[in-house]
Amino acid sequence: MFEQERFAVRVSSFLCSNPTSLALLLTCLLASVATNASAQNAAVANVAASIDSKEEPPHDLQALKPWGAARSRFLKVEDRTIHTGTPPEPRVDLFRKEIAPVLNKACADCHGVDDEDGRFRIGELNPDLFAGPDVAWWLEILDLISNKEMPPDDGEPLEDEQRTKIVDWLSTELQLASQVRRDAAGQSAFRRMTRYEFNYALQDLLGLSYNFVHDLPPDPINEEGFHNDASSLQMSATQLELYRKLARKALLKTASFGPQPAPVFWSISMSKGVEQSKAKYEADVAKAQRKHADDAEEFSKALEKLKKKYSSSHRGPYFRHLETGLTDRISWSYRGAKHAWATTGKLPEETPSSDVVSILPVQQKWIVELGNRVPDRGDLKIRILASRDEDESPGNPSLRLEFGFQASNNSSASAFVSPNDLVIEAPAGKPQFYEWRIPTSEMPIRNPMRRTGQMGKTPSPSEYLKLYNSSISNGAARIYYIEVSADYATWPTPSHRKLFPSFVTNDESSFARQHLSRFIRSTWRRPATKMELEQKVSLFERLRPVFNTAEETLLEVYATILSSPNFLYLAAGSPKSQHDATLIATRLATFLHCSLPDEQLIGLAQSGELLKPQVLEQETRRLLADSRSRRFAEQFTRQWLGMEMLDYLEVNRKDFPHWDPFLKEAMREEPIAFLQEVLQQNASVLDFLHADYAMINDRLSRHYGIPEVHGSHFRRMEIPERLQRGGLLTQAGLLAMNSDGVHSHPLKRGIWLLSRLLDDPPPPPPPSVPEIDLADPGIAKMTLKERLEDHRNDPACYSCHAKIDPWGVAFENYDAVGSWRSRIKGAEVDASSKLFNGEPLEGMQGLKRYLLQRRQDQFVRAMVSKLATFALGRPLRFEDRAEIDAIAAELRRKGDGLQDAILLLVQSDLFRG
Amino acid sequence: MTLKSLSQVDRRLFLRGAGIALALPAFETFGKVSFATAKSGASDEKRAPPKRLACFYMPDGVPMPLQEDPAFQDWSWFPHGEGKDYQLTKCLEPLGAVSENLTVLSGLSHPAARSIHGHSNADQFLTGAATGGHGDYQNSISLDQRYAQFIGDETRIASMVLSTDGGTGTPRGTHTMSFDRSGRAIPAEHKPKRIFDMLFVKQGEDAARRLAVSKSALDDLMEDANNLRRSLSKPDQAKLEEYLQALRDTELKVAKAKRWMDLPIPEANVDHLNLDVTPEDPRNYLQTMFELIYMAFKTDTTRVATYQIGRENGVGVSDYMARAIGFNLTHQLSHQTKEPEGWKNFGSYNRFLAEELCRFAKKLKATPEENQEGNMLDHTLLLFGSASSAFHLSRNYPLVLIGGNRLGFEHNQYLKCGIYPEGGQPAGGAWKGGREPWQKEMNHQERPLGDLFLTMLNRLGVETQSFAGSQAPLDSV
């Protein structure tokens, strides 16, 4: 039976988005919480019953935010807890007496016993929401009735008063039923780690930011778009064996056994760079001298001409003699590995000076071939002495690095490996060293012939660096000298020391015990029990004879600890309360760092301190301030918005000549950077609907038509209204991924808006309806509106499309790559539409206006739901409804800050289990 | 060559420390777990007959003179006629000796690579992946590895992967026909001595050690999982059950792999073979490679083999193969068809390959299948071919299927799978400059080669609905 306290029901909100019905609804709702039926008539005094919905909303979108917020239905409800003596009962009597007759009158024409227009019969639905089977239907009815989408225009009209009555009864019942069912159902989201969590966890444990999970298959994506859904994360023998294999591989990369490998160096100077043109130039000068031996004036004219000829700049990379200005194009071919630089035994003490530099113009690449001596382990350190080439150019050159090879005429590959662009700020003539350090084991592309092939033979075993000036502003880079070294900065490596903090003693078992105890604590997020520790020590002892050293044996046991369910599985919902703090610590770290709790968090969980609300809040703030919260921004944004669609998007440059990989890369980053900004500023989540600033870099600014943005890093920019940007709805990547790469796609955009942002996904198309065949020339010829209307005219399609298409049409001023357009094939863009409930939308501005004016509550609640779904690692259920509403209400009161949303969620019963 | 005391030992033995080419039956690679054969060491007679697959790749395409060319009659690689009524030309004539086990096919190719230069397409011959024309690519699992997934744990070695050039080669310059489930190239072995050692010399302490460690680790994990289980709620226990099941499956696989270890390796006598032979002595090298595959099949050490006779693009040591018949570089033969005798020279090289392939097939045919009806060739399916036909053209792959009569293959026919507007024979002609054939639009229809692969897999016992872009099984073989 239920305990009394558990019926402390927090009542704070409802789904209804119709403000006019609010007052009545509240009255009924608050009253109804008391289970005593007579209490329903009790007056509720403190609810402000009047919302001046007549007052004109402001025109400015920014100003519309506070206007709409002030009118939130959530604000009107006091967060209150009502203790009741007996558990609530479903109010079936009330339903029979007052609701059923109204419903029957309004709905039975189409959803009655005789007609089967819809998929259910209104009279047959079970009104017991606490235990009955029809909750899903009732939820849909609530949505349709409160959004005035039902009954349809041609049906029996439903008076406002009647409508309110239905909504009141339903919301209250649903609210209470959610609470009752929640108490009855288990709340566990016991699951294995996702692919990315496994990777981040290994990175944090081992102190190396490598990609450890290349070989793991991608995780399934659930209907809502999340990858961490407990119910879809499976485990198989293949998967398990991969975990073990990858863990062992990661540990081997971390450890550095044996003697330190000999370093390899390259010292690359440009000094011989212009020899060819110099020789030709000098020959020509000699010729001119002979020709004009008697005429000094003619000779100096000819000399000028020759100087000009041999000092021209080139499109690709080229050498330049600083004193004479002579230049020479840099040429390269894989043949015979003739351009490979030889290694040197050690690096020169002093940087060799040279009069020759290489010039790397913007968007150009320069291959620096290293031969077949690049090792497979250790770091490749690349130091580049460089400056700007001209001081006048507005932007700085920036260098990016590829690593790859060409083995034969048809076999070459390379990939970007630099973790960051080197922005060359040094003024022309005053070069500075810029440097990357890249682990060779993390180069995604290596020449498979590098160990077996012979230098000079085809297929060539040689490998190269490819320097790329990634700047799109004017500004060539001037490179004076390059130093490459492949070595270990320290030996044993710091990561090795992290795995084996102390040296082996004669007592190997105690050495093992000590290390295992430490390792288990950090991997399993709790100390090992005595039994568990002894079990691992005995595994160590059993394996010891197989391996040469105690460390290597320990590595194998570590691999087992990393394949144990104690590591791989998260959020074990243990019935024992002492595990609660551990559970919260794990959940918090998984939520905000996509990884394991760190030492401090484990400590606080062990002492139980974490159960204190203020400690939990402090820790949440600490995790959010940590740079690892970037993972949350990335993973949550990508999953919430379904950004794999952008990864798969293919755009033909024939259709969009300015399309390039850097634009796509910037499009991918923009939503993440934007969420990161909203998060760090604790800005309102309404900024996702509209903002007067954007996070952009140079490539995106060019796409959006914002001048004077230099450099590929993302920064905050205020954006004027005329640019028609701001918030998520107008971000190029999100618009592009909801196109087909050629044309905009209103249907996709509408569905995306409804399901991702408003958490109101339309039902999937019925199986009998064929997909629109865009390859059909008849359909392809139609204008977009015609095409939609054509499809909508099919009665089977109408009911769904009428609810989707109008939303998508509002996006029509943005083309398939998210550029603004006012005309399509010469005709004015028509981005006006009418929502199913009759509201007209005028393009993007109109859409934003409508959302900020009418749907703020829905969006904020959706935001809370999405955050909660991601945080819990499971889809929300009916049982979670009351809790989500309570968080949303509190968030609205606090001003909608994204950080506040996270703090409220973390403190909720939902999160704390 | 004689094989000693083969009948006295169980032939399926576990190999330790197989080298780069011979994939260990690492337990993660198999989907199928069965102990049926593990327990039945004594009752060989009751076992289902083994089904084997070997695939061979020849680079450089084949001669396809135009119909009006005088060389057409003798040196067109594809036979004349069609169906049961066909005549082999001089290119394939030697295979006439096994005509009852022979099907020649035309009009098949992998759709994703039809407009890619023939030099770049060997990588996708057994996979059908879109490996493209430049940059990095993603390959997919090859036909042989798909079969090895299914049958690999029935033998000591899951599959053998051989090539003349050795290693993996580079993207679009592959030195191997085999790609694993992630599409990664499996390095091929090219030294006969090493291949022999891997097949018949006891070694590989490493693998034994690895298995012992796995066994201990699995026991330990089982203990972890059972302990955790006790502290979980009912629904969570149900979720953990997946993990426990995964552990149990892995244990079975380890046990299965381990049983090979306790069995002795068959002895083999190779006194007559020169295991140090190199591709610079092409005929002997080729014969040795075929012989080693024969020995591996005969001893049931493996049932799956690939051998890439040469790589594409006219580089590497395999390009010397034509020296066996007195030419210098193989690839050049395909470029010099417009010279006098050009078709004949190129065709003679093809004839040489056909002779050696036939020698191998005849040897299998002459060996009775132990404890089974028929001979070894009846239970062994050989696929021989190339991803290019006429000059650099990656369409209409020249293909030969041999053997597998008891697996359900209908032989002694020439199957034309393509549909040509003029109803005729696919033709190429010598290239005399200008746009190359591979750059031109395809004006006829071909069938996906995946269709044939699907049928092959199905008849080998793999129950799958699709493979390598197949649309429907090719039932007419």
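Quick caveat, the model's predicted, so the values are computed rather than measured.

How each quantity is defined
Residues numbered from 1 in each chain as written. Chains lettered and ligands numbered in written order. Predicted model: local features only at pLDDT ≥ 70, side-chain atom pairs only at ≥ 80, totals over all residues. Helix = DSSP H or I, 4+ residues; strand = E, 2+ residues; numbered from the N terminus. Buried ≥ 20, exposed ≤ 12 C-beta atoms within 10 Å, placed from the backbone. Contact = placed C-beta atoms within 7 Å. Core = buried A, V, L, I, M, F, W, Y, C linked by C-beta atoms within 7 Å. Nonpolar A, V, L, I, M, F, W, Y, C, P; charged D, E, K, R; others polar. Pairing = 2+ DSSP bridges. Axes fitted to C-alpha atoms, helices over the stretch in contact; angles between N-to-C directions. Parallel < 35°, antiparallel > 145°, perpendicular 65-115°, else oblique. Left-handed = near helix turned anticlockwise from the far one by under 90°. Expected span 1.5 Å × (residues − 1). pLDDT = per-residue confidence, 0-100.

1. Some remarks on the overall build of chain A
Item 1. On a plain count of helices and strands, chain A comes out with 31 helices and 22 strands.
Item 2. Classification of the 913 residues of chain A by burial places 44% in the buried group.
Item 3. Sequence-distant contacts in chain A: of pairs separated by 6 or more residues, those separated by 24 or more amount to 73%.

2. Examining the overall build of chain B
Item 1. Helices and strands together make up the secondary structure of chain B, namely nine helices and 13 strands.
Item 2. For chain B, buried positions account for 55% of its 477 residues.
Item 3. Taking all contacts inside chain B whose residues are at least 6 apart in sequence as the whole, residues at least 24 apart take part in 71%.

3. Considering the nonpolar core
Residues and elements named next belong to chain A.
Item 1. Ala585, Leu588, Val864, Leu867, Ala901 and Leu905 are the most contacted members of the largest nonpolar core, which totals 154 residues.
Item 2. In terms of residue count, helix α28 (residues 856-872) provides more of this core than any other element does, 10 residues in total.
Item 3. Setting aside chain neighbours within four positions, we find Leu867 in contact with Ala901, Ile902 and Leu905.

4. Some thoughts on the interface of chain B and chain A
Item 1. Contacts between chain B and chain A engage 41 residues on the former and 42 residues on the latter.
Item 2. Breaking the side of chain B that touches chain A down by element, the ones donating at least two residues are β7 (169-170), α4 (205-230) and α5 (234-259) of chain B.
Item 3. Residue classes in the side of chain B that touches chain A are distributed as 15 nonpolar, 15 polar and 11 charged.

5. Considerations on the pairing of strand β15 (residues 477-487) of chain A
Residue and element names in this part refer to chain A.
Item 1. The element β15 is largely enclosed, with a buried count of 10 among its 11 residues.
Item 2. Two strands pair when backbone bridges link them, and strand β4 (residues 264-269) and β15 are joined in this way by six bridges, in the antiparallel orientation. Across the sheet, the residue bridging to Val264 is Ala486, located in β15.
Item 3. Pairing between strand β7 (residues 356-360) and β15: three bridges, direction antiparallel. From the neighbouring strand, Ile359 faces β15, where its bridge partner is Arg478.
Item 4. Bridge count between strand β9 (residues 379-388) and β15: 10 bridges; the pairing is antiparallel. Among the inter-strand pairings, Ile384 is bridged to a residue of β15, identified as Ile482.

6. A word on the packing of helix α7 (residues 237-254) of chain A against helix α13 (residues 550-561) of chain A
Residues and elements named next belong to chain A.
Item 1. Interaxial distance between α7 and α13 falls to 9 Å at its minimum, and their mutual angle equals 140°. Taken as axis vectors, α7 and α13 run oblique relative to one another. Between α7 and α13 lies a crossing of right-handed hand. Here Arg244, Ala247, Arg248 and Leu251 of α7 come into contact with α13, specifically with Leu555, Tyr558 and Ala559.
Item 2. Its residues assigned to classes, the contact of α7 with α13 shows five nonpolar, no polar and two charged.

7. Description of helix α6 (residues 282-298) of chain B
Three or four residues apart is the spacing at which side chains of an α-helix point the same way, because the helix has 3.6 residues per turn.
Residue and element names in this part refer to chain B.
Item 1. Across its 17 residues, α6 extends 24 Å between first and last C-alpha, which sits within 8% of the 24 Å expected from 1.5 Å per residue.
Item 2. Here α6 lies mainly inside the structure; 12 of its 17 residues are buried.
Item 3. Taken together, the buried positions of α6 are Pro282, Tyr285, Leu286, Thr288, Met289, Phe290, Leu292, Ile293, Tyr294, Met295, Ala296 and Phe297.
Item 4. Among the structural elements, β1 (52-57), β6 (160-163), α3 (192-200), β9 (304-308), α8 (342-366) and β10 (380-385) are those in contact with the buried residues of α6.
Item 5. Immediately beyond the C-terminal end of α6, within one or two residues, lies Asp300, with a positive phi of roughly 55°.

8. Overview of the confidence of the model for chain A
Item 1. Scored by pLDDT, chain A has a mean of 86; 88% of the residues are at 70 or more.
Item 2. Ignoring residues within four places in sequence, the model shows residues 1-51 of chain A, a span with pLDDT below 50, making 106 contacts including any to other chains.

9. Quick word on the packing of helix α17 (residues 613-625) of chain A against helix α30 (residues 898-907) of chain A
Residues and elements named next belong to chain A.
Item 1. At a minimum axis distance of 10 Å, the contact between α17 and α30 shows a crossing angle of 140°. For the element pair α17 / α30, the angle class is oblique. Seen along the crossing, α17 lies across α30 with a hand that is right-handed. Across the interface between the two elements, Pro613, Leu616, Glu617, Thr620 and Leu624 from α17 touch Gln899, Ile902, Leu903, Val906 and Gln907 from α30.

10. Side note on the pairing of β10 of chain B
All names here are of chain B.
Item 1. Most of β10 sits out of view: six of its six residues are buried.
Item 2. Alignment of β1 against β10, held across six bridges, turns out to be parallel. Each residue of the ladder has a partner; that of Tyr57, found in β10, is Gly385.
Item 3. Across five bridges, the pairing between β10 and strand β11 (residues 399-403) is antiparallel. The partner of Leu383 across the bridge, within β11, is Leu401.

11. So, the sheet that holds β6 of chain B
Residues and elements named next belong to chain B.
Item 1. Spatially, seven strands are ordered β6-β9-β1-β10-β11-β4-β12 in an open sheet, and the strand pairing comes out mixed. Each of the sheet's edge strands pairs with one partner strand only, and the pair in question is β6 and β12 (413-416). Strand-to-strand twist of the sheet, defined as the mean angle between neighbouring strand axes without regard to direction, takes the value 15°.
Item 2. Pairing of β1 with β9 involves five bridges; the strand directions are parallel. Each residue of the ladder has a partner; that of Leu53, found in β9, is Val304.

12. Section: helix α2 (residues 143-151) of chain B
Residue and element names in this part refer to chain B.
Item 1. Burial within α2 is extensive, with nine of its nine residues counted as buried.
Item 2. Leu143, Asp144, Gln145, Arg146, Tyr147, Ala148, Gln149, Phe150 and Ile151 are the residues of α2 that are buried.
Item 3. Buried residues belonging to α2 abut β1, β9 and α9 (449-459).

13. Digging into the environment of Asn328 of chain B
Residue and element names in this part refer to chain B.
Item 1. Mapping Asn328 onto the fold places it in the loop between β9 and α7 (330-335).
Item 2. C-beta crowding within 10 Å serves as the criterion here: with 10 such atoms nearby, Asn328 is assigned to the exposed category.
Item 3. Once the C-alpha coordinates of Asn328 and Thr127 are considered, the two residues, 201 residues apart in sequence, prove to be 31 Å apart.

14. A few points about the environment of Gly873 of chain A
Residue and element names in this part refer to chain A.
Item 1. Relative to the elements of secondary structure, Gly873 occurs in the loop between α28 and α29 (881-894).
Item 2. Look at Gly873 and you get buried, because 24 C-beta atoms sit within 10 Å.
Item 3. Spatially, the C-alpha atom of Gly873 lies 53 Å from that of Thr344, the residues being 529 residues apart in sequence.

15. Re the confidence of the model for chain B
All names here are of chain B.
Item 1. Per-residue pLDDT for chain B has a mean of 86; in total, 88% of the residues score no lower than 70.
Item 2. Note that pLDDT drops below 50 for residues 1-45; the model gives that stretch 111 contacts with residues more than four away or on any other chain.
Item 3. Predicted as a complex, the structure gets a pTM of 0.83 and an ipTM equal to 0.82.

16. Digging into unusual backbone geometry
Residue and element names in this part refer to chain A.
Item 1. Here the bond from Thr458 into Pro459 is cis, since omega is 0°, no more than 30 degrees from zero.
Item 2. Put simply, Trp491 and Pro492 share a cis peptide bond, and its omega is -10°.
Item 3. Mapped onto the elements, Pro492 comes out in the loop between β15 and α10 (494-499).
Item 4. Positive phi, close to 60°, is recorded for Gln724, a residue that is not glycine.
Item 5. Turning to its location among the elements, Gln724 is positioned in the loop between β18 (715-718) and α22 (732-737).
Item 6. The class of Gln724 is partly exposed, set by 17 C-beta atoms lying within 10 Å.
Item 7. Although it is not a glycine, Asp759 adopts a positive phi angle of roughly 50°.
Item 8. One can find Asp759 in the loop between α23 (746-757) and α24 (777-781).

17. Some details on the environment of Trp260 of chain B
Item 1. Here Trp260 of chain B lies in the loop between α5 and α6.
Item 2. A C-alpha to C-alpha distance of 9.8 Å links Trp260 of chain B and Asp153 of chain B, two positions 107 residues apart in sequence.

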